Amino acid sequence: MKNPNQRTKTTIVESSAAAIVSASEVLLVHLICAIGLAISFWVANNHHSITLISHPSQTLLHIWVIQCPILILLYSRYRQSPQQFSCLRAVGRGILGLIAGALVNAFGAIALGAPTGVKSLSKTINWSMMMSLFTVVPAASVFGSSWTDWQRIFAYTKPMGPIDYMICLPAHGAVLGAWFGAWPMPLDWERPWQEWPICVSYGAIAGYLVAMVASFLVVLVRGTLQHTKRD
């Protein structure tokens, strides 16, 4: 069993490892994620002739199935205590996080008024899987079951380093985007894109992409300021 001094040293080593991640690496990770999203829409549109408006459930299925291995493999590289936890274990934690996060997002959506009928079931499931990828999977792959880190990132919103910002800002951006995207749904415009979960999905994706840009800019500015202080 580690004494407090050893635990403190371990935390310092892990924080130092997290600080090594540069702004260019953060940009690369987010760029790969964005390209994965673009590929998802391209495959759905060009190979199956479907869009988020015409076939929301199938399009969302394409998004989370293609994006899932990309996100899990990318963020598993930044797992805590890599000497103790293998990449395969981090991948397993990401998969478990995908399922658990989908359940949480589904219950949250239903509690806020998402339709519960059989006709909407597949739409809700696929939307929840996509939202889980945006919000839960990166943290599950990196932090596993570390409740302290989950609280710090999501309950207190206190990211400490580049990896925290990579996880925290896009997750919050996706949730806020989905929230704002839901506003047109109750309006009596009778537009096809007002149906569940089309505008919510567009809002979540837009918020996720904007927050990824913000994440990169924050890491870049913080790195520049730290470099200036050292000089």
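Structure shown above.
Quick notes on the rules
- Residues numbered from 1 in each chain as written.
- Predicted model: local features only at pLDDT ≥ 70, side-chain atom pairs only at ≥ 80, totals over all residues.
- Heavy atoms only, no water.
- Helix = DSSP H or I, 4+ residues; strand = E, 2+ residues; numbered from the N terminus.
- Rg over C-alpha atoms; globule rule 2.2 N^0.38 Å.
- Buried < 20%, exposed > 50% of the residue type's maximum accessible area, 1.4 Å probe, protein only.
- Areas by Shrake-Rupley, 256 points an atom, 1.4 Å probe, with all protein chains shown as cover.
- Lys, Arg positive; Asp, Glu negative; His and termini not counted.
- Charge placed at Lys NZ, Arg CZ, Asp CG, Glu CD.
- Expected span 1.5 Å × (residues − 1).
- Axes fitted to C-alpha atoms, helices over the stretch in contact; angles between N-to-C directions.
- Parallel < 35°, antiparallel > 145°, perpendicular 65-115°, else oblique.
- Left-handed = near helix turned anticlockwise from the far one by under 90°.
- Contact = heavy atoms within 4.5 Å.
- Nonpolar A, V, L, I, M, F, W, Y, C, P; charged D, E, K, R; others polar.
- Salt bridge = Lys/Arg side-chain N within 4 Å of Asp/Glu carboxyl O.
- Polar contact = N/O pair within 3.5 Å; in protein donor to acceptor, adjacent residues only side chain to side chain.
- Disulfide = S-S within 2.5 Å.
- Core = buried A, V, L, I, M, F, W, Y, C linked by side-chain atoms within 4.5 Å.

A. Up close: the overall build of the chain. Counting secondary structure elements, the chain contains nine helices and zero strands. Secondary structure elements in the chain, listed N-terminal to C-terminal, are α-α-α-α-α-α-α-α-α. Computed over the C-alpha atoms, the radius of gyration of the chain is 19 Å, within 12% of the 17 Å expected from 2.2 N^0.38 for a compact globule of 231 residues. Judged by the C-alpha coordinates and their principal axes, the chain covers about 60 × 40 × 35 Å. In the chain, which comprises 231 residues, the share counted as buried stands at 45%. For the chain, the accessible area works out to roughly 12,700 Å², and carbon and sulfur atoms hold 69% of it. Treating the 15 positive side-chain charges of the chain as one cloud and the 8 negative ones as another, the clouds have centres 11 Å apart.

B. Structural view of helix α2 (residues 23-48). Over its 26 residues, α2 runs 37 Å from end to end, which matches the ideal 38 Å to within 8%, given 1.5 Å per residue. Of the residues making up α2, those classed as buried are Ala23, Val26, Val29, His30, Cys33, Gly36, Leu37, Ser40, Val43 and Ala44. Just past α2, the residue Ser49 takes up positive phi, approximately 55°.

C. Up close: the packing of helix α3 (residues 56-76) against helix α5 (residues 118-135). Running from N to C, α3 and α5 cross one another at 25°; their axes reach a closest spacing of 9 Å. Compared by their axis directions, α3 and α5 come out roughly parallel. At the point where α3 passes α5, the crossing takes the left-handed sense. Within the contact between the two elements, α3 uses Pro56, Ser57, Leu60, Leu61, Ile63, Trp64, Gln67, Cys68 and Leu71 and α5 uses Ser122, Lys123, Asn126, Trp127, Met129, Met130 and Leu133. Tallied by class, the residues present in the contact of α3 with α5 amount to 11 nonpolar, four polar and one charged.

D. Layout of the pattern of salt bridges. Following the criterion strictly, the structure yields three salt bridges and no others. Between Glu25 and Arg77 there is a salt bridge, and its shortest N-O distance comes to 3.7 Å. Here the residue Glu25 occupies a position in helix α2, and Arg77 occupies one in the loop between α3 and α4 (87-111), the gap between them amounting to 52 residues. According to the relative accessible area criterion, Glu25 is partly exposed, its value standing at 24%. Assessed through its relative accessible area of 51%, Arg77 is described here as exposed. The partner of Arg152 in a salt bridge is Asp149, with the nearest N and O atoms 2.6 Å apart. Remark: Asp149 and Arg152 occur in helix α7 (residues 147-155); sequence separation between them is three residues, near one turn of the helix. Each member of the pair, Arg152 together with Asp149, is buried.

E. Spotlight on the environment of Asn126. Among the structural elements, Asn126 can be located in helix α5. As for Asn126 and Ser81, which are separated by 45 residues in sequence, their C-alpha atoms are 32 Å apart. Those residues in contact with Asn126 that lie beyond four places of it in its chain are Ser57, Leu60, Leu61 and Trp64. Within polar-contact distance, the side chain of Asn126 engages the side chain of Ser57 at 2.9 Å.

F. Inspection of the state of the cysteines at higher detail. On inspection of all chains with the given rule, the structure shows zero disulfides. Between Cys33, a free cysteine, and Cys68, which holds the nearest cysteine sulfur, the sulfur-to-sulfur gap is 12 Å. By relative accessible area, which is 0% here, Cys33 ends up buried.

G. Geometry of the nonpolar core. Membership of the largest hydrophobic core comes to 51 residues, with the highest contact counts inside it found for Trp127, Met130 and Phe134. Of all the secondary-structure elements, those providing two or more residues to this core are α2, α3, α4, α5, α6 (137-143), α7, α8 (162-181) and α9 (198-230).

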